[in-house]
Amino acid sequence: CKQWYQRRVRGRPGAKGPPGDAGPPGKPGEEGECGADGPNGQWVGGGPTSGRKGIPGEMGPPGATLDTTYAQVNQYVIHSQTMFPPEIPTGRNIPGWTDFSEGRVDFAAKVMEGFSSSYFGTSDGSGTGQPLSSSGSCIRQFKIQPHVECTNEVCEINGDDYSVWMSIAPNDTSKTFGEFYPQEEILYETGLESRVTDYISRCIVVDSIYPWLAIHSFTDEVPSCPQGNSYGYRFESYKLWEGYSLISEMADQGKASSQDLTLPGSCMKKFVPLSTARCSLSGAAGKPYCNFARSGAVNIYVRNSKCTSEETETVGPYSYGDQREDMDYY
């Protein structure tokens, strides 16, 4: 018999087989690190700090007027310094004003007219002044003594009490200021009231939705209206009138009507060295009277800063003239 055995021998590697099928997706990896900062971008259109200009917006609604519901209304007084009521300022007669009112009240509306009042005084030396921007400085009817003194026991009309009114500004003709006003007491008599009232300034009270402010130059030059076109402010302002910077009308020594220099009552269209009339129920003749020439009365104005002299300077006499019942004459 024969014995057989089998010997196993490792062969050479076979050829590379074809790719197998794709396996299932693996799990997400961990978050990587932040990349480096990219380069600075470049501006496209506009300025260095602004973007590209957008398209024009739609036209907004009309602005508020005195006819607008819930409009915030301010009240002011205008004094004519003449025997005629002043005109009502409107947007149509203000240089540069754009009227968007569409027929509505666009700037100001008259509430009332009257006589320009300045001060009420009592026999014991007390009293109170009316700022010329306040509606309290415009009284419908002229009265020699429109006030009464009251205590806990009694109210009485004292003949020594007095009222002070703004007088008219003299017109410019041949007479000096001292010659224009009567130097004696003028009696206030029935039927002859115009002998006094023709010398009393008229006024109107107006409502306006716009704030009115007075700007003083402190020089002999008319200041310009401030405009908000820088530093983030956006507003426009327009000139209503120009005049002289009044600080106070002093009726008697120490008794004055002082003005807030930010309000229009401190800007008088006409310069008058003395512009008050003192009226009382008991004059030298024991009758109601008014006096336009008193030694204790003065007007105080803002000084021109260009005047550097510290010495007392006398200016005058002032050249003025007769009262004329002609509005165009002023």
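No experiment lies behind these values; they were computed from the predicted model shown.

Cut-offs used in this document
- Residues numbered from 1 in each chain as written.
- Predicted model: local features only at pLDDT ≥ 70, side-chain atom pairs only at ≥ 80, totals over all residues.
- Heavy atoms only, no water.
- Helix = DSSP H or I, 4+ residues; strand = E, 2+ residues; numbered from the N terminus.
- Buried < 20%, exposed > 50% of the residue type's maximum accessible area, 1.4 Å probe, protein only.
- Areas by Shrake-Rupley, 256 points an atom, 1.4 Å probe, with all protein chains shown as cover.
- Disulfide = S-S within 2.5 Å.
- Salt bridge = Lys/Arg side-chain N within 4 Å of Asp/Glu carboxyl O.
- Core = buried A, V, L, I, M, F, W, Y, C linked by side-chain atoms within 4.5 Å.
- Contact = heavy atoms within 4.5 Å.
- Phe/Tyr/Trp six-rings, centres within 6.5 Å; stacked < 30°, edge-to-face > 60°.
- Lys NZ or Arg CZ within 6 Å of the ring centre and 35° of its normal.
- Pairing = 2+ DSSP bridges.
- Polar contact = N/O pair within 3.5 Å; in protein donor to acceptor, adjacent residues only side chain to side chain.
- Patch = residues over 30% accessible without salt bridge, like charges linked within 9 Å, V, L, I, M, F, W, Y side chains within 5 Å.
- pLDDT = per-residue confidence, 0-100.

**A few points about the overall build of the protein chain**
Helices and strands together make up the secondary structure of the protein chain, namely two helices and 15 strands. Across the 330 residues in the protein chain, those meeting the buried criterion constitute 34%. A total of about 22400 Å² of accessible surface is found on the protein chain, and carbon and sulfur atoms cover 51% of it.

**Topic: the state of the cysteines**
The final tally for this structure, using the stated rule, is three disulfides. Through a disulfide, C138 is tied to C203; the S-S separation comes to 2.2 Å. Every disulfide takes its handedness from the sign of the S-S torsion; for C138 and C203 that torsion is 100°, giving right-handed. One end of the pair, C138, is in strand β4 (residues 138–139); the other, C203, is in strand β9 (residues 202–208), and 65 residues separate them in sequence. For the residue pair C138 and C203, the accessibility class agrees, reading buried in each case. The disulfide partner of C279 is C290, and the S-S distance across this bridge is 2.0 Å. Residues C279 and C290 are joined through a disulfide that is right-handed, its torsion about the S-S bond being 110°.

**Digging into the pattern of salt bridges**
According to the stated counting rule, one finds three salt bridges in the structure shown. The salt bridge involving E189 is made with R195; its shortest N-O contact spans 3.5 Å.

**Focus on the nonpolar core**
Ranked by internal contacts, the top residues of the largest apolar core, which has 25 residues, are F142, Y181, I200, C290 and F292. Counting only elements with at least two residues in this core, the list comes to β7 (162–166), α1 (177–180) and β13 (276–280). With residues up to four places along the chain from it excluded, the contact list for F292 reads S167, Y181, P182, I186, V196, Y199, I200, L274, T276 and A277. Formed by nine residues, the second largest nonpolar core is a distinct cluster that contains F107, V206, W212 and W241.

**Digging into the packing of aromatic side chains**
The tally for this structure, following the rule as stated, stands at nine aromatic pairs. Three or more aromatic residues link up through ring pairs in this structure, and these residues are F115, F142, W165 and Y188. Geometry around Y162 places R278 over its ring, the cationic atom sitting 3.8 Å from the centre.

**Here we look at the pairing of strand β2 (residues 108–121)**
With ten of its 14 residues buried, β2 lies for the most part within the structure. Bridge count for β2 against β9 is seven bridges, and the pairing is antiparallel. Bridge assignment links G114 to a residue of β9, and that residue is C203. Summarising the sheet, β2 and β7 pair through four bridges and their orientation is antiparallel. If you follow S117 over to β7, its bridge partner there is W165.

**Quick look at the side chain of S280**
Position of S280 relative to the elements: it lies in strand β13. Side-chain polar atoms of S280 contact the backbone oxygen of D161, separated by 3.0 Å. Excluding residues that lie within four positions of it along the chain, S280 makes contacts with I144, G159, D160, D161, Y162, K287, P288 and Y289.

**Focus: unusual backbone geometry**
Positive phi values are uncommon outside glycine, yet Q81 reaches one of about 60°. Following the sequence through the fold, Q81 ends up in the loop between β1 (74–79) and β2. Residue Q81 is classed as buried on the basis of its relative accessible area, which comes to 3%. Phi at F218 takes a positive value of approximately 60°, unusual for a residue other than glycine. Residue position: F218 is located in the loop between β9 and β10 (244–252).

**Structural notes on the pairing of β13**
Burial of β13 is extensive: five of the five residues sit out of reach of the surface. Two elements, β13 and strand β14 (residues 289–291), share three bridges in a ladder whose sense is antiparallel. Residue pairing for β14: C279 is matched across the bridge by C290.

**Focus: a nonpolar patch on the surface**
The grouping of I247, V298 and I300 at the surface amounts to a nonpolar patch, some 180 Å² of accessible area in total. Tracing the chain through its elements places I300 in strand β15 (residues 298–301). With a relative accessible area of 33%, I300 lands in the partly exposed category.

**Section: the confidence of the model for the protein chain**
When pLDDT is averaged along the protein chain, the result is 77; 74% of the residues meet or exceed 70. Within the protein chain, the element-level pLDDT minimum falls on strand β11 (residues 255–258), averaging 73, and the maximum on β4, averaging 94. Low pLDDT, under 50, characterises residues 319–330; the stretch is placed with 50 contacts to residues that sit more than four places away or in other chains.

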